[in-house]
Amino acid sequence: MLPGFMEYDRKGRTNKLANLDDCTDGVNGGDSSMVLKYVEEVIKQNWFKPDVLLLNCGIHDTKRNVKTGALQIPPDKYRANLRRIISLAGKKGISPVWVRTTPINKRSVQPLEAIIWHFEKDIDYYNAIADEVMKENSIPVIDLFTFTRNLGEDIYLNGKDHVHFNEETASMQAAFIAGAVTTIAKAQIFVGGSYGNGCN
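Being a predicted model, the structure only gives us computed values, none of them experimental.

Another aspect to go through is the pairing of strand β3 (residues 95–99). In terms of residue burial, β3 counts as a mostly covered element, since five of its five residues are buried. Neither face of β3 is open: one carries S95, V97 and V99, the other P96 and W98, and all of them are buried. The pairing of strand β1 (residues 52–55) with β3 spans four bridges and is classified as parallel. Bridging across to β3, L53 finds its partner in P96.

This is the structure we're talking about:
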């Protein structure tokens, strides 16, 4: 959806850094600790010169062990990771844009054998943490959470998936993000921000 507005690339696509998410070089960013590790490594690369760095992490961070109650990434660590990621981007002269974590499927049933599960209260709390960090750093935020929630209930993969969305919903989310990031980038160019004459 972005050709003609800006060029788009993502982790694990054109340029790859091996062993930076669960021992793969895939496109999944993982939790905030994995994202931080990736950012720490990728900013060292000469080819990494984005005008806009579109970021999200949260759904993996909020994986909760239903037996121990432990979260994959505790709240304080999540906050610290986000602050570090934003700081690294700023030192590289990159303008971050944050995407809020999407809601879980309230109608999905937790299997008896499930060890890991997501809970609405955790998503809300971690979105609030991210909101706070982005506000204190004046980072633009794309509210994909509210947009997705407003699409209704019949939006999840197979109707039952806990966190993944069906193709129609994913297409609407993509259009929402593409429109938002284009608007943000154009606004930065207009006010003489750090984007220069175009966006990559």
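So, next bit.
End to end, helix α3 (residues 120–136) covers 25 Å across 17 residues, agreeing with the expected 24 Å (1.5 Å per residue, within 8%). Residues D122, I123, Y126, N127, I129, A130, V133 and M134 constitute the buried set of α3. Down the axis of α3, the buried set is contained in an arc of 160°. They therefore lie on one face. In α3, the exposed positions that point more than 90 degrees away from the buried face belong to K121 and K135. Contacts from the buried residues of α3 go to β2 (64–65), α2 (75–91), β3, β5 (141–142) and α4 (144–149). S138 lies just past α3 and shows a positive phi near 55°.

To summarise the sheet geometry, strands pair through backbone hydrogen bonds and adopt either a parallel or an antiparallel arrangement. Across the sheet, three strands lie side by side as β1-β3-β5; this open sheet has parallel pairing. Two strands close off the open sheet at either side, each with one partner strand: β1 and β5.

This part takes up the packing of α2 against α3. It is the contact of α2 with α3, at a shortest axis distance of 10 Å, that shows an interaxial angle of 35°. As for how α2 packs across α3, the hand of that crossing is right-handed. Seen from α2, the contacting residues are P75, Y78, R79, L82, R83 and I86; seen from α3, they are Y125, Y126, I129, A130, E132, V133, M134 and E136. Of the residues contributing to the contact of α2 with α3, the split by class is 10 nonpolar, no polar and four charged.

Looking now at the packing of aromatic side chains. Under the definition given, this model contains five aromatic pairs. Here the aromatic rings of Y125 and Y126 are separated by 6.0 Å at their centres, their planes lie at 80°, and the arrangement is edge-to-face. Residue classification places Y125 among the partly exposed residues on the basis of a relative accessible area of 41%. Feature note: the residues Y78, Y125 and Y126 constitute an aromatic cluster, connected by ring pairs.

The subject of this paragraph is the side chain of K11. Considering the arrangement of structural elements, one finds K11 in the segment before α1 (32–42). Among the polar contacts listed, one links the side chain of K11 to the backbone oxygen of N28, at a separation of 3.2 Å.

Of the positions making up α1, those classed as buried are S32, M34, V35, L36, Y38, V39 and V42. Among the structural elements, β1 and α2 are those in contact with the buried residues of α1. Its side-chain oxygen placed 3.0 Å from the backbone nitrogen of S33, D31 serves as the N-cap of α1.

Let us now look at the packing of α1 against α2. When two helices pack together, their arrangement is given by the angle between the helix axes and the distance between those axes. Where α1 meets α2, the closest approach of the two axes is 9 Å, and the angle between their N-to-C directions is 20°. Comparing the axis directions of α1 and α2 gives the class roughly parallel. Read as a crossing pair, α1 and α2 show a hand that is left-handed. Taken together, the residues of α2 that come into contact with α1 (itself represented by S32, S33, V35, L36, V39 and E40) are K77, Y78, N81, L82, R84, I85 and L88.

Reading the values: the criteria
- Residues numbered from 1 in each chain as written.
- Predicted model: local features only at pLDDT ≥ 70, side-chain atom pairs only at ≥ 80, totals over all residues.
- Heavy atoms only, no water.
- Buried < 20%, exposed > 50% of the residue type's maximum accessible area, 1.4 Å probe, protein only.
- Helix = DSSP H or I, 4+ residues; strand = E, 2+ residues; numbered from the N terminus.
- Pairing = 2+ DSSP bridges.
- Expected span 1.5 Å × (residues − 1).
- Arc of directions from axis to C-beta.
- Contact = heavy atoms within 4.5 Å.
- Axes fitted to C-alpha atoms, helices over the stretch in contact; angles between N-to-C directions.
- Left-handed = near helix turned anticlockwise from the far one by under 90°.
- Nonpolar A, V, L, I, M, F, W, Y, C, P; charged D, E, K, R; others polar.
- Phe/Tyr/Trp six-rings, centres within 6.5 Å; stacked < 30°, edge-to-face > 60°.
- Polar contact = N/O pair within 3.5 Å; in protein donor to acceptor, adjacent residues only side chain to side chain.
- Parallel < 35°, antiparallel > 145°, perpendicular 65-115°, else oblique.

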